[in-house]
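What follows is the residue order along each chain.
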Amino acid sequence: MKGSLIVVGFFALGCVLGWRGRLPDVVIENDITVYVLYLLMFQVGLSIGSDKKLKDILGSIRPKLLLVPFATIAGTLVFSALLLTQWSVFDCLAVGSGFAYYSLSSILITQLKESSLGVQLATELGTIALMANIMREIMALLGAPLFVKYFGRLSPICAGGATTMDTTLPIITRYSGKDLVFISIFHGIIVDFTVPFFVSFFCSF
């Protein structure tokens, strides 16, 4: 949760600096977001490839395990398509496809939709993606006990989206049980891996 609040703080700072015209020309005149996006994509690959448990996880994959990330992805996309009615269905699906990976999805959406929506609307949609996915992570962190109580032990994993292999893993371990740690990590890796593909796909419409 602390990390999410820091991200919101930096976002607010960027808004203020941009509004006041305090940003250096090199930031405004050059498309730095492209390089930030490349860096984030590289970081995704590093985080997945450097996981020491990755080999064990891949070697222990069973068909039933795929149902958990599949349920997360399907449920998120269905809900996203019905939620933001003022945007097109595909824009809503792009926002939902962040699966709580707010840093990557927001930049990716802003970058990919700029040509079709224009800078202002693309930035607005990217901001919606940022806030929606941050809120998803915060809800997963704060709501885990209630999710377990009313929806079962797997529900915090589905709620956590792509974060279940890192930021929400401790809270999932605490309330869902240590025996679900493996499923949580596996779920996070699979969902995390799909983010750039789903976001890019839905942004192409």
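Here, every reference points to the structure presented above.
A brief report on the enclosed structure follows. (Residues numbered from 1 in each chain as written. Predicted model: local features only at pLDDT ≥ 70, side-chain atom pairs only at ≥ 80, totals over all residues. Heavy atoms only, no water.)

A few words now on the layout of surface pockets. Taken as a whole, the second largest pocket spans an internal volume of roughly 590 Å³. Thr76, Phe79, Ala132, Arg136 and Met139 are the residues nearest the centre of the second largest pocket, which is lined by 21 residues in total. Those elements that place two or more of their residues in the lining of the second largest pocket are α5 (67-83), α6 (89-96), α8 (119-151) and α9 (155-160). Along the lines of polarity and charge, the residues of the lining of the second largest pocket split into 14 nonpolar, six polar and one charged. (1 Å grid on protein atoms, 1.4 Å probe; cavity = no way out; pocket = protein on both sides within 12 Å on 5 of 7 lines; lining within 4 Å. Points joined across faces, edges and corners; volume = space filled by probe spheres on them. Helix = DSSP H or I, 4+ residues; strand = E, 2+ residues; numbered from the N terminus. Nonpolar A, V, L, I, M, F, W, Y, C, P; charged D, E, K, R; others polar.)

Our next topic: the environment of isoleucine 138. Position of isoleucine 138 relative to the elements: it lies in helix α8. Residue class for isoleucine 138 comes out buried when judged on its relative accessible area of 12%. When the C-alpha positions of isoleucine 138 and alanine 100 are compared, they lie 9.2 Å apart, and in sequence the two are 38 residues distant. (Buried < 20%, exposed > 50% of the residue type's maximum accessible area, 1.4 Å probe, protein only.)

This part covers the packing of helix α7 (residues 102-117) against α8. Relative orientation of the contacting elements α7 and α8 amounts to 160 degrees, with a least axis distance of 7 Å. When the axes of α7 and α8 are compared, the pair comes out roughly antiparallel. The interaxial crossing formed by α7 with α8 has right-handed handedness. Here α7 contributes Tyr102, Ser105, Ser106, Ile109, Thr110, Lys113, Glu114 and Leu117 to the contact with α8, which in turn contributes Val119, Leu121, Ala122, Thr123, Leu125, Gly126, Ala129, Leu130, Asn133, Ile134 and Glu137. Residue composition of the contact of α7 with α8, grouped by class: ten nonpolar, six polar and three charged. (Axes fitted to C-alpha atoms, helices over the stretch in contact; angles between N-to-C directions. Parallel < 35°, antiparallel > 145°, perpendicular 65-115°, else oblique. Left-handed = near helix turned anticlockwise from the far one by under 90°. Contact = heavy atoms within 4.5 Å.)

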